[in-house]
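Architecture at a glance
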2 protein chains.
Amino acid sequence: MLEERKKQILQAIIDEYISTAEPVSSGALVNRHGLNCSSATIRNEMAELEKAGYLDKPHTSSGRIPSAQGYRFYVDELVKEDDISLEEIRYITSKLETRVNAIEDLTKIATSTLSEITHYTSVAIGPQNGFQNIEEVKFVLLGTRMLMAVILTDTGIIKETIIKFDENITEEQVNTLNFIFNNKLKGKPLEAINKPLEEYIFSEMNYSLAVIKPVMEQFNKVVNEESKVYLEGANKSFELPEFKSLEVARNFINLLDTKEMMLDLLNTGFAKDINVYIGDEKENKKLKDFSIVTFKHRYQNKDLGTIGIIGPKRMDYSKVISVMKYISKKLNEKESEG
Amino acid sequence: MLEERKKQILQAIIDEYISTAEPVSSGALVNRHGLNCSSATIRNEMAELEKAGYLDKPHTSSGRIPSAQGYRFYVDELVKEDDISLEEIRYITSKLETRVNAIEDLTKIATSTLSEITHYTSVAIGPQNGFQNIEEVKFVLLGTRMLMAVILTDTGIIKETIIKFDENITEEQVNTLNFIFNNKLKGKPLEAINKPLEEYIFSEMNYSLAVIKPVMEQFNKVVNEESKVYLEGANKSFELPEFKSLEVARNFINLLDTKEMMLDLLNTGFAKDINVYIGDEKENKKLKDFSIVTFKHRYQNKDLGTIGIIGPKRMDYSKVISVMKYISKKLNEKESEG
DNA sequence: TTTAGCACTCTTTTCTCTCGACTGCTAAAC
DNA sequence: GTTTAGCAGTCGAGAGAAAAGAGTGCTAAA
């Protein structure tokens, strides 16, 4: 709907603003981007782009900055999705080739690599419990009054928890627990660990309450606990000019430090492979100065967690999206091998 | 060595500065603290305290602020060690009564409680591996090609790790592993997991390399991995006036974000129960504007980790030290019970 | 030894002025 | 019809000056 030249100019303005963080003037555009017209022509076009809502002006006699709508158009239509160098590809590949034993470690490596390459702050959370099925449950006696329970799910995520008892536990009791829980839970979603199960075991199995009660309590905790938030490169954001504003810096810290907020931000809205939320598109006032880009760490359509970047609205979307696409692809390949 | 009145005045100045963050004038002291003399007298005393090195003056016509030496004297001689209310005692007690299964969880609860009460940023790390002895090692088969190894130490810390294999593992092999490792490691310090052990098992036990190699690799990782840094209330610090300075804020973020630095800060120097490092007393330029107060989470002289507070030099030492003392005591009682 | 009083110092705030960067518009050129 | 040169007008950033205010140090008296 925008004429070709308007698109070009809009792209040039946003690119310029992304790299300088300063309002962009008509003169600067003509100088630094190969546009075949004069600054006066640019000024006319800019005025129209502003009228159409793609640009803002901090004050009458200043250059233009992109509006929220401008960024949105840029992300939807103008972004380069292969803005990634050979060197970066090599670096990512080498990082992701690290042999890991726990799948969460792979998410962590991907997250820190993402931050290293983009120089923004990256975050990750594990998968939501809801979408995981139990493959196996194992109880192990530690000492005489302590059990470790290990729950293996079909995503490869392993949850382990420790259960303490007031009386000694026998090997036989451990075996019974193993039998009961595998019998009832194998193949079921994690949510099968709930009150009805507890009641069933109490009544039908007629099994010692002193043993089963602490186990169920702890299992419930594991199922209901929030996933951990993994954060990388928080300090990098503080080098950016927008963080000179105390309010912006404080909002940022607040955001990162509020686990519920991070979980909420990373857990909603996955219409596309890569999802971009510009400013307060997520209806969160604290986000007004920031953008969030997320993708799901997936394997065979199983959710292994969410990885994201949180940075200034003026973030290098092309680079971030390109790198994410590549990492996402590599993660998938990696899983398939092993 | 300081006359009584000088001490009183120094205390009043530091108390005042701690609560206002503004240079303290002679007038303000007379008004707000019950000193039986005029502002002129105070001015004379202040001049002497400054000459003796306890106070600084930002500029000729301003009030005084404590110098590093002033804070040091305050912490060593003037601090109130029971600056804790009944309400706070109740809150701490209730928090620490939470039944936990893993000891690390207790450290975490203590850390977050500390931050909640003092309103400063608190940090914690687990114990150093060096001081722990192995009580038991257990291998558990998960699926067909995966083992979980659990190492139980005498501090109650449980380390678990996952080991993946390229070929199937039999129950018999698991039993052999359990036998070998318990045999060699029970009662030994964690560091017994090292090259010589590996070589011994290779040569003397003549046990399949395909099995033992991944196990030793993963064990080595566990023994050598750095402890996790647990952080609570980073955003609270940003409400403080000193964080209006961009440089201070940046240094702070940098500090918290650099794991090695945090480990270093929390792992050295435990002459007393509670250790206070004012400004760059720890020879770290980044700390110039901050103070750190730490204590060891101990049980029967076993190190269960370190808990600390990192805040502005102008921190409420009396409150921080009092709360820490109480939490430390409670942690000890708690362990003794159960 | 303490205190009142006052001159002096230095910061903070406010105001004004100038400089410079851009824009928007008009009128001419293509 | 579109593009461009030119120029008036707008606004912010920065420099300086001036005034206000907070506090000290010193002197001399209590």
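Shown above is the structure to which this text applies.
So, here's what we can say about the structure. (Residues numbered from 1 in each chain as written. Chains lettered and ligands numbered in written order. Predicted model: local features only at pLDDT ≥ 70, side-chain atom pairs only at ≥ 80, totals over all residues. Heavy atoms only, no water.)

**Things to note about the pattern of salt bridges**
- According to the stated counting rule, one finds 41 salt bridges over all chains in the structure shown.
- With a shortest N-O distance of 3.7 Å, A:Glu226 and A:Lys259 are connected by a salt bridge. A residue pair is termed long-range when its members are at least 10 positions apart, and A:Glu226 in the loop between helix H9 (209-224) and strand S7 (229-232) and A:Lys259 in helix H12 (residues 259-267) qualify at 33 residues.
- For A:Lys259, a relative accessible area of 31% corresponds to the partly exposed category.
- B:Lys138 is paired through a salt bridge with B:Glu136; the nearest N and O atoms lie 4.0 Å apart. In this structure, B:Lys138 and B:Glu136 share a single accessibility class: buried.
- A cluster of three or more residues bridged by salt bridges with shared partners is formed by A:Glu3, A:Arg5, A:Lys6, A:Glu45 and A:Glu48. (Salt bridge = Lys/Arg side-chain N within 4 Å of Asp/Glu carboxyl O. Helix = DSSP H or I, 4+ residues; strand = E, 2+ residues; numbered from the N terminus. Buried < 20%, exposed > 50% of the residue type's maximum accessible area, 1.4 Å probe, protein only.)

**Side note on the sheet that holds strand S4 (residues 134-142) of chain B**
All names here are of chain B.
- Across the sheet, three strands lie side by side as S4-S5-S6; this open sheet has antiparallel pairing. What marks the edges here is a single partner per strand, and that holds for S4 and strand S6 (158-164). Strand-to-strand twist across the sheet, computed as the mean angle between neighbouring axes with direction ignored, equals 20 degrees.
- Here S4 pairs with strand S5 (residues 146-153) via eight bridges, running antiparallel. Along S5, the bridge assignment pairs valine 140 with methionine 148.
- Along the sheet, helix H7 (residues 171-185) makes contact with S4 and S5, crossing S4 at roughly 170 degrees. (Pairing = 2+ DSSP bridges. Axes fitted to C-alpha atoms, helices over the stretch in contact; angles between N-to-C directions. Contact = heavy atoms within 4.5 Å.)

**Description of the interface of chain A and chain B**
- Each partner contributes to the interface: chain A provides 35 residues, whereas chain B provides 35 residues.
- Taking both sides of the interface into account, the surface hidden between chain A and chain B amounts to around 3,300 Å²; carbon and sulfur atoms contribute 55%.
- Where chain A meets chain B, there are three salt bridges.
- In this structure, B:Arg250 engages A:Glu239 in a salt bridge whose closest nitrogen and oxygen atoms are separated by 3.0 Å.
- Elements that contribute at least two residues to the side of chain A that touches chain B include exactly strand S4 (134-142), strand S5 (146-153), strand S6 (158-164), H9, helix H10 (234-237) and helix H11 (246-257) of chain A. (Buried area = accessible area lost by both parts, 1.4 Å probe.)

**Quick notes on the sheet that holds strand S3 (residues 121-125) of chain A**
Residues and elements named next belong to chain A.
- Spatially, the five strands line up as an open sheet ordered S7-S3-S10-S9-S8, and their pairing is antiparallel. Strands at the two margins of the open sheet, each flanked by one partner only, are S7 and strand S8 (274-278). Across this sheet, the average inter-strand angle for adjacent strands is 20 degrees, counted without regard to direction.
- Pairing between S3 and strand S10 (residues 302-312): five bridges, direction antiparallel. Each residue of the ladder has a partner; that of threonine 121, found in S10, is isoleucine 310.
- Against the sheet, H11 engages S3, S7, strand S9 (290-299) and S10, with an angle of about 25 degrees to S9.
- Packing of H12 onto the sheet brings it into contact with S3, S7, S9 and S10, and relative to S3 it is tilted by some 85 degrees.

**A closer look at a positive patch on the surface**
- Together, A:Lys108, A:Lys228, B:Lys108 and B:Lys228 line one region of the surface with positive charge.
- Tracing the backbone through its elements, the reader meets A:Lys108 in helix H6 (residues 103-118).
- Judged by its relative accessible area of 33%, A:Lys108 falls in the partly exposed class. (Patch = residues over 30% accessible without salt bridge, like charges linked within 9 Å, V, L, I, M, F, W, Y side chains within 5 Å. Areas by Shrake-Rupley, 256 points an atom, 1.4 Å probe, with all protein chains shown as cover. Lys, Arg positive; Asp, Glu negative; His and termini not counted. Charge placed at Lys NZ, Arg CZ, Asp CG, Glu CD.)

Function cannot be read off these values alone, since they describe shape.
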